[in-house]
Amino acid sequence: MLRRWAAEPRVHAALQAAMYLLAGFLSAAASLGHHLQPLTLGLLLAQSGWPAVLVAIGGSGGYYLFWGNAGMQGVIWMGLGLATSLLLGGNRLRRQTPLLMSAVAALLTAGTGLSMLYLRLDSTPIAFYILRVALAALSTWVMTAATERRDPLTEWLICGMAVLCLAQVMPLPYLGLGYIAAGALALVGAFPAAALAGLAIDLAQVTATPMAAVLCLSYLVRLIPRLRPAMRHLAPGFLYLLVMGICGVWDLTPLPGLVIGSLCALALPKNTDLAQRRGETGMAQVQLELAASVLRQTENLILDAEELPVDEGALIARAAERACGSCPCRKSCKEDPSQLPGQILHRPLGNGADLPGGCRKTGRLLMELRRSQEQLRAIRGDRDRQQEYRAAVGQQYHFLAEFLQDLSDRIADRTMPPKPWFQPEIVACSASKNRANGDRCLWFAGVGCRYYVLLCDGMGTGEEAARDAQRVGTMLRRMLSAGYPAPYALRSINSICALQGHAGAVTLDLAELQLDSGRATLYKWGAAPSYVISRGEPIRVGTATPPPGLSVADGRETVERLSLRRGETLVLLSDGAGGEDSLHRSWLDENAAAGALAARILEECPMGSSDDATVAVIRLHAALPTS
């Protein structure tokens with residue numbers, strides 16, 4: 001039941017909203033030397049849209065509750081940070097400048113701090129003021145990196161910042177949330193995470209006992225061979241008493257939290273591995289990066305190749321030689337047609353007004369010059385085809401280089417892959433008046449939580465259309481199953497069709513389903529419009545574009561992003577399956593079975609159409625719990 005609730009989009013959205021509010025609220029409690037810190041500002045600037053609004057609301061409430069009147073500066077941080085986050089949002093400048101938001105956080109913190117010091121509303125020492133500005137920039141960089149891609153260093157810093165935020169939160173006497181988190185990290189986290197957690201508690205100055213030493217010793221106890229599990233989980237509490245006795249400090253406040261955290265570690269997975277580029281994995285990563293670099297250099301060499309100019313003077317001299325070589329007036333003629341300018345081949349010759357006036361046989365010379373014009377056009381057409389072929393080959397080298405670089409980055413990623421929350425339901429129905437159907441509908445799993453539905457329509461009907469659709473569909477399926485990005489795979493198919501001279505042989509309709517988020521991306525290249533059925537009404541998605549193979553340089557595919565997580569139905573149609581009229585005549589009950597809906601749409605297709613007709617119905621359902 002809990003798994004079904006977690007897969008429910010509304011419950012998922014509500015939990016995410018609650019997490020953003022709680023994260024903003026708790027991060028406002030972070031302090032160094034009993035001075036408030038801008039960790040919430042870093043979390044806010046790493047978000048955009050509604051998450052940023054929720055973090056700002058939670059952070060404002062946290063600063064007011066934890067700090068009272070002194071938290072007014074934090075409320076100002078939330079207002080300025082929210083305005084900046086909403087203004088930039090997904091701006092290209094923000095994506096191209098990774099440290100932009102860190103600089104903005106440091107500027108906002110420094111500006112508000114100076115204003116508070118000038119108005120004598122804040123008595124923060126200069127050292128803590130500088131540390132606050134640096135912490136604002138660092139927290140923004142860490143939070144931004146964590147939202148884009150998680151790596152061990154980012155996870156360790158996140159753990160340290162989380163303990164720093166929770167160190168001041170004590171809902172009950174002798175029960176600090178920071179101590180619970182620190183006790184759990186000492187048993188299930190990596191050594192840097194445990195050390196940073198202890199350092200965070202020491203910097204928060206909530207106890208005089210050196211917690212960094214306690215947590216580091218607790219981690220080292222785990223390395224003792226043949227130690228009973230009970231001793232490992234009780235180590236943080238015993239070591240705290242030992243360190244407290246050595247230091248001569250009597251403070252039992254952290255002890256309950258450390259014990260509870262060590263017991264909570266029994267239900268948490270251990271994450272102690274350090275990502276290192278060593279051994280076979282590191283060697284493979286280096287080799288992939290070198291191969292990607294070689295492919296990029298090869299691409300540059302191919303694209304930067306100089307094109308030799310056409311010798312137009314030689315064409316004119318050849319035309320003059322053919323025209324004057326057999327002319328009976330060549331001995332008495334004083335004109336030299338070989339000295340004509342090359343521009344004469346670029347304009348219509350007409351009746352020969354541009355030819356030398358002393359030439360007695362202008363018709364002969366005019367005929368040879370027109371032949372040279374045809375040769376020049378043929379040479380330039382051949383040069384254009386060579387340039388297009390060169391661009392196609394360079395494009396493939398570029399795609400391969402990016403693919404190998406992505407593989408190299410994924411080798412170093414030690415994080416757990418996302419789990420699918422949805423499972424696809426695909427039903428396809430097809431009808432053809434010939435034995436060989438020119439439509440091919442394939443659905444298959446990709447890498448990770450990606451799932452693909454491909455509708456490949458061979459132009460025309462008969463065996464030739466069926467062969468084209470089968471060949472292109474099989475090749476595209478192999479590339480996507482191997483992890484090739486969908487835009488690169490489609491561009492590769494376009495280049496192959498152009499190089500083989502099969503322009504317009506097929507149309508492509510590709511739906512990329514994300515089973516972890518319930519979203520979908522629809523790629524269209526010459527295919528008919530698709531439709532999303534929501535609440536019984538069809539919504540048109542995509543527009544008609546030229547088929548692949550017409551040009552290598554110009555990308556003519558369309559990309560549409562949509563969501564299927566709320567029970568929407570995506571319908572892919574081939575050219576012969578009609579369009580919106582067929583959908584309106586069909587049974588569009590949102591509770592109807594996918595097979596019945598596909599068959600109904602196919603029945604409503606135009607009867608007089610001679611083209612093959614295929615209908616594919618796509619839905620996402622909550623994934624069933626696995627045993």
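Everything quoted here is computed from the prediction, not taken from an experiment.

1. Here we look at the overall build of the protein chain
Across its full length, the protein chain carries 21 helices and twelve strands. The proportion of buried residues among the 627 residues of the protein chain is 45%. Restricting to contacts in the protein chain with at least 6 residues of sequence separation, those with at least 24 account for 71%. Accessible surface, the protein chain: about 32400 Å² in total, of which carbon and sulfur atoms supply 59%.

2. Details of the sheet that holds strand 10 (residues 558-563)
Taken together, the five strands give an open sheet; going across it, the order is 4-5-6-7-10, and neighbouring strands pair in antiparallel fashion. Edge positions in the open sheet fall to strand 4 (439-445) and strand 10, since each of these has one partner strand only. Between one strand axis and the next, the sheet turns through 15° on average, direction left out of account. Where strand 6 (residues 506-514) meets strand 7 (residues 519-525), five bridges bridge the pair, whose relative direction is antiparallel. Paired with glutamate 512 across the two strands is threonine 521, which belongs to strand 7. In the packing of helix 18 (residues 463-481) onto the sheet, contacts are made with strand 4, strand 5 (450-458) and strand 6, and the angle to strand 4 comes to roughly 15°. Contacts from helix 19 (residues 486-499) reach strand 5, strand 6 and strand 7 within the one sheet, and its direction differs from that of strand 7 by about 15°.

3. Comments concerning empty space enclosed by the protein
Here the structure, examined in full by the defined rule, presents two cavities of 30 Å³ or more. By volume, the largest cavity amounts to about 70 Å³. Looking at the largest cavity, the residues that line it are Arg471, Val472, Met475, Ile493, Ile496, Cys497, Gln500 and His502. Residue classes in the lining of the largest cavity are distributed as five nonpolar, two polar and one charged.

4. Quick word on the sheet that holds strand 8 (residues 530-534)
Strand order in the open sheet formed by five strands is 3-12-11-8-9, and the pairing between neighbours is antiparallel. Every other strand in the sheet has two partners, leaving strand 3 (422-431) and strand 9 (537-541) as the edge strands with one partner each. Going across the sheet, the axis of each strand differs from the next one's by a mean of 20°, ignoring polarity. In this sheet, strand 12 (residues 613-622) lies alongside strand 11 (residues 569-573) in antiparallel orientation, the contact comprising four bridges. For leucine 572, the partnering residue across the bridge sits in strand 12 and is alanine 616.

5. Concerning the pattern of salt bridges
Under the counting rule described, the total for this entry stands at five salt bridges. Across the pair glutamate 402 and arginine 296 runs a salt bridge whose closest N-O atoms are separated by 3.9 Å. Placement of the pair is glutamate 402 in helix 17 (residues 362-411) and arginine 296 in helix 15 (residues 279-303), with a sequence separation of 106 residues. Judged by its relative accessible area of 28%, glutamate 402 is partly exposed. Taking the shortest distance from any N to any O, the salt bridge between arginine 450 and glutamate 512 comes out at 4.0 Å. Here glutamate 512 lies in strand 6 and arginine 450 lies in strand 5, a separation of 62 residues in the sequence. Accessibility expressed as a relative area gives 29% for arginine 450, which makes it partly exposed.

6. Structural notes on the packing of helix 9 (residues 152-166) against helix 10 (residues 177-188)
Where helix 9 contacts helix 10, the two axes come as close as 7 Å, and the packing angle between them is 150°. Compared by their axis directions, helix 9 and helix 10 come out roughly antiparallel. Note on packing geometry: the crossing formed by helix 9 with helix 10 is left-handed. Of the residues in helix 10, those in contact with Cys159, Val163 and Leu166 of helix 9 are Leu177, Gly178, Ala181, Ala182 and Leu185.

7. Considerations on unusual backbone geometry
The backbone of tyrosine 174 shows a phi angle near 60°, a positive value even though the residue is not glycine. Of note, tyrosine 174 is situated in the loop between helix 9 and helix 10. Tyrosine 174 sits in the partly exposed class, given a relative accessible area of 49%. For glutamine 205, which is not glycine, the phi torsion reads 55° and is therefore positive. Locating glutamine 205 in the fold gives a position in the loop between helix 11 (191-204) and helix 12 (211-221).

8. A look at the side chain of aspartate 457
Its location among the elements puts aspartate 457 in strand 5. Nearest to the buried, unbridged aspartate 457 among oppositely charged side chains is arginine 440, at 9.2 Å. Discounting chain neighbours no more than four positions away, the residues touching aspartate 457 are Gly438, Asp439, Ala505, Val506, Thr507, Ser574, Asp575 and Asp611.

9. Things to note about the nonpolar core
Membership of the largest hydrophobic core comes to 48 residues, with the highest contact counts inside it found for Leu39, Leu41, Leu44, Met78 and Leu164. Dropping the residues within four chain positions of it, leucine 44 is found in contact with Ala52, Val55, Ala56, Trp77, Met78, Gly81, Leu82 and Ser85. With 24 residues, the next largest nonpolar core counts Phe399, Ala489, Cys497 and Tyr523 among its residues.

10. A closer look at the packing of aromatic side chains
Per the counting criterion, the structure on display carries seven aromatic pairs. Aromatic pair phenylalanine 399 and tyrosine 488: ring centres 4.5 Å apart, planes at 15°, arrangement stacked. Taken together, the residues phenylalanine 399 in helix 17 and tyrosine 488 in helix 19 connect sequence positions 89 residues apart. Assessed through its relative accessible area of 5%, phenylalanine 399 is described here as buried. Among the residues examined, tyrosine 488 registers a relative accessible area of 22% and is labelled partly exposed. An angle of 65° between the planes, with centres 6.4 Å apart, marks the rings of tyrosine 484 and tyrosine 488 as edge-to-face. Judged by its relative accessible area of 7%, tyrosine 484 is buried.

11. Some thoughts on the pairing of strand 7
In terms of burial, strand 7 is a largely internal element, six of the seven residues being buried. Here strand 6 hands over to strand 7 after four residues, with glycine 518 in that stretch at a positive phi of 80°. Relative to strand 10, strand 7 is paired through six bridges, and the arrangement is antiparallel. When the bridges of strand 10 are listed, tyrosine 523 appears paired with valine 559.

12. Concerning the environment of tryptophan 525
If you trace the backbone, tryptophan 525 turns up in strand 7. Judged by relative accessible area, tryptophan 525 falls into the buried class, the value being 1%. Spatially, the C-alpha atoms of tryptophan 525 and arginine 491 are 9.9 Å apart, while their sequence positions differ by 34 residues.

Reading the values: rules and limits
Residues numbered from 1 in each chain as written. Predicted model: local features only at pLDDT ≥ 70, side-chain atom pairs only at ≥ 80, totals over all residues. Heavy atoms only, no water. Helix = DSSP H or I, 4+ residues; strand = E, 2+ residues; numbered from the N terminus. Buried < 20%, exposed > 50% of the residue type's maximum accessible area, 1.4 Å probe, protein only. Contact = heavy atoms within 4.5 Å. Areas by Shrake-Rupley, 256 points an atom, 1.4 Å probe, with all protein chains shown as cover. Pairing = 2+ DSSP bridges. Axes fitted to C-alpha atoms, helices over the stretch in contact; angles between N-to-C directions. 1 Å grid on protein atoms, 1.4 Å probe; cavity = no way out; pocket = protein on both sides within 12 Å on 5 of 7 lines; lining within 4 Å. Points joined across faces, edges and corners; volume = space filled by probe spheres on them. Nonpolar A, V, L, I, M, F, W, Y, C, P; charged D, E, K, R; others polar. Salt bridge = Lys/Arg side-chain N within 4 Å of Asp/Glu carboxyl O. Parallel < 35°, antiparallel > 145°, perpendicular 65-115°, else oblique. Left-handed = near helix turned anticlockwise from the far one by under 90°. Lys, Arg positive; Asp, Glu negative; His and termini not counted. Core = buried A, V, L, I, M, F, W, Y, C linked by side-chain atoms within 4.5 Å. Phe/Tyr/Trp six-rings, centres within 6.5 Å; stacked < 30°, edge-to-face > 60°.

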